[in-house]
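Structural overview for review
Chain by chain, the residues run as shown.
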Amino acid sequence: MSVSYTEEQQKVIDTHGCNLLVSAAAGSGKTAVLVERIVKMVSDAAKPVDIDRLLVVTFTNAAASEMRERVSNAIGEKLAKEPENEHLQKQSALLHNAQITTIDSFCLFVIRNHFHTIGLDPGFRIADEGELKLLKNDVMGDVLEKCYQEGDEAFLHCMEYFSTGSRDRAVEDAVFRLYDFAMSHPFPEAWLQERKKDYEVPGMSGTAPEQTASEQAAPEQTAADGTAPENNVDGAALMETAWMRDCMEQVDLSLRGLIVQINQCVMMSELPDGPYMYGELLEQEREQLERLLAAQNYEERYLRFSTLSFGRLSAKKDATVSPIKRELVKSIRTGIKEQLQTMQKHYFARSSEEIVRQMAVCGEAVRALVELTLLFQETFARTKREKNILDFDDIEHFALSILLRRNENGDVEATETALEYRSHFAEILIDEYQDSNLVQEYLLSAISGEAEGHYNRFMVGDVKQSIYKFRLARPELFMEKYNTYRETDGGETLRIDL
């Protein structure tokens, strides 16, 4: 019995010749559609594609095994109907070597076939997690001991600034976190060098005078008349810093989400059995959130957060009002208030002048922390090479160095190896795209044909199911394409919602 697909599902199966992003909600049948797309490509009578010319990237080994089994069963069913079909017989044989795999397994495939291009000893092994943890701690101890012996003033200031008591553990943890973030970027050294500039504010002259730890931690006092002390840097300059722009982007996203929630409350209050007595207050609070979102700079938003007010909901009783809707509105509104309080605590506890002064104090310590992280990264990498072991960060970055290089102008370009893969793979299909990171994005872009006008990437996922931010996944990659890809046929990019 043939399977019946919806119009959108059939469009996902049939659409080629563009980069295709499929936003597939839970239960939308995306795995079945992906399998059918693959099977249709390899069994197409007019333009068949060999299965080993498709790169299918899944998130886990279990998902890869399931995908391979489904494709094998589907090809087997077609072969049972056409036992003399030589092309299908060939696909059944090629399936064992097909690249239906995780990104790490594909990277290992690239490394094992091209290790000589980066001077890697082919006898390497993948270290286990326990071994790597011990090695990291040993390397960190050696690095700190060396730095203490050298007695560099910036290093000592960093240790004093970030350490708690007489222990260095807080600094070690900060270095490990910074290192992990760096390794989730395609070019970690360059990313770390950029972090040295994070606390530089345009117009800020020099560094702040030396202060005690308590003075550094405490906010600056206002003048006797209640105004902020003089400072030669305004809030607009603070907005020019990369980290402040990132913070405000996060705040914008959160505020938009809260506005959606309070809109839901307003709509519920307008229902026949909704809590109409809350309507006026909810409208006022929605306007507050909209004014917060519309604020043009940090200082304006800081002032608006400081004057936020939420009134008391009406206690009026009415038997026609649904108790469930009343309680739901109250619950959502309480959650909104709590999120706003958290945002104010994390982002708007101090004025821009106070933040700038503190940035001057901690900027030197942060630059030293970055230098310490760079030294740790270099030493850790050298130690792993001496032991001829790799970790999962190495797997991705070595594969990246095989596929991409910097030219004389510092621009990134594809290597001959990447060009070979481009000509080999007819299409690159990426499952659970919302959990990709920047390194994986660069890797798969390097072997796709976009640079040559051949758009052959298929990406499917659901950003609402992205739960690996703690593993440095970048759902922003999904959202950027979701917001920019066309929804109509005929272009280089297309978005389909399931």
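Heads up: the structure comes first, above all this text.
Residues numbered from 1 in each chain as written. Predicted model: local features only at pLDDT ≥ 70, side-chain atom pairs only at ≥ 80, totals over all residues. Heavy atoms only, no water.

**Considerations on the layout of surface pockets**
Operational definition: Here the term cavity refers to a set of points on a 1 Å grid, laid over the protein atoms alone, in which a 1.4 Å probe fits but cannot get out; the term pocket refers to an open set having protein on both sides within 12 Å along at least five of seven lines, with lining residues being those that place an atom within 4 Å of a point. Grid points are joined across faces, edges and corners, and a volume is the space filled by probe spheres set on the points. In this description a helix means any DSSP run of H or I spanning at least four residues, a strand means any run of E spanning at least two, and both kinds are numbered starting from the N terminus. Residue polarity follows a fixed list, in which Ala, Val, Leu, Ile, Met, Phe, Trp, Tyr, Cys and Pro are nonpolar, Asp, Glu, Lys and Arg are charged, and the others, Gly among them, are polar.
Taken as a whole, the largest pocket spans an internal volume of roughly 2100 Å³. Those elements giving two or more residues to the lining of the largest pocket turn out to be α7 (153-162), α8 (169-183), α9 (188-195), α12 (242-269), α15 (323-347), α16 (352-387) and α20 (475-484). At 10 residues, the largest contribution of residues to the lining of the largest pocket is made by α12. For the lining of the largest pocket, the residue count by class is 29 nonpolar, 8 polar and 12 charged.

**Comments concerning the sheet that holds strand β1 (residues 19-23)**
Which entries qualify depends on this criterion: Note on pairing: DSSP must find at least two bridges between two strands before they are called paired. The axes are straight lines fitted to the C-alpha atoms, using for helices just the contacting stretch, and the angles between their N-to-C directions are given from 0 to 180°. By definition in these notes, contact holds between two residues if any of their heavy atoms fall within 4.5 Å.
Reading across the sheet, the 6 strands line up as β3-β2-β8-β9-β1-β10 and stay open at both edges, with parallel pairing between neighbours. The sheet terminates laterally at β3 (99-102) and β10 (493-497), the two strands that pair on one side only. Along the sheet, successive strands turn relative to each other by an average axial angle of 15°, direction set aside. As defined by bridge partners, strand β8 (residues 427-430) adjoins strand β9 (residues 457-461) across 3 bridges and the pair is classed as parallel. The partner of L429 across the bridge, within β9, is F458. Sheet contacts for helix α2 (residues 30-43): β1, β2 (54-58), β8 and β9; angle to β8, the most-contacted strand, approximately 165°. Helix α5 (residues 103-114) rests against β2 and β3 of the sheet, and its axis sits at about 115° to β3.

**With respect to unusual backbone geometry**
The phi dihedral of N388 is positive, around 55°, even though this residue is not glycine. Looking at the secondary structure, you find N388 in the loop between α16 and β5 (389-390).

**Here's the deal with helix α18 (residues 416-424)**
This is how the line gets drawn: Burial classes follow relative accessibility: with a 1.4 Å probe on protein chains only, a residue under 20% of its type's maximum area counts as buried, one over 50% as exposed, and anything between as partly exposed. This arc describes the spread of directions from the helix axis toward the C-beta atoms.
Buried residues of α18: T417, A418, Y421 and R422, and no others. Down the axis, α18 shows its buried residues gathered within 145° of arc, on one side only. Buried residues belonging to α18 abut α5, α17 (392-403), β7 (412-414) and α19 (438-447).

**Observations concerning the packing of aromatic side chains**
This is how it is decided: Between rings of Phe, Tyr and Trp, where Trp is taken as its six-membered ring, a pair exists when centres lie within 6.5 Å; planes separated by under 30 degrees are stacked, by over 60 edge-to-face, and by other angles tilted. Here, a charge over a ring is recorded when the distance from Lys NZ or Arg CZ to the ring centre is within 6 Å and its angle to the ring normal is within 35 degrees.
Across all of its chains, the model carries 17 aromatic pairs by this definition. An angle of 70° between the planes, with centres 5.5 Å apart, marks the rings of F176 and F376 as edge-to-face. Taken together, the residues F176 in helix α8 and F376 in helix α16 connect sequence positions 200 residues apart. We note that F176, like F376, is buried. Here the aromatic rings of F478 and Y482 are separated by 6.3 Å at their centres, their planes lie at 15°, and the arrangement is stacked. Here F478 pairs with Y482, and both are found in helix α20, just 4 residues apart, close to one helical turn. Taking relative accessible area as the criterion, Y482 reaches 23% and is therefore assigned partly exposed. Feature note: the residues Y298, Y302, F305, Y347 and F348 constitute an aromatic cluster, connected by ring pairs. Sitting over the ring of F187, R406 keeps its end group 4.3 Å from the ring centre. Over the ring of Y482 we find R495; its NZ or CZ atom is 3.8 Å from the centre of that ring.

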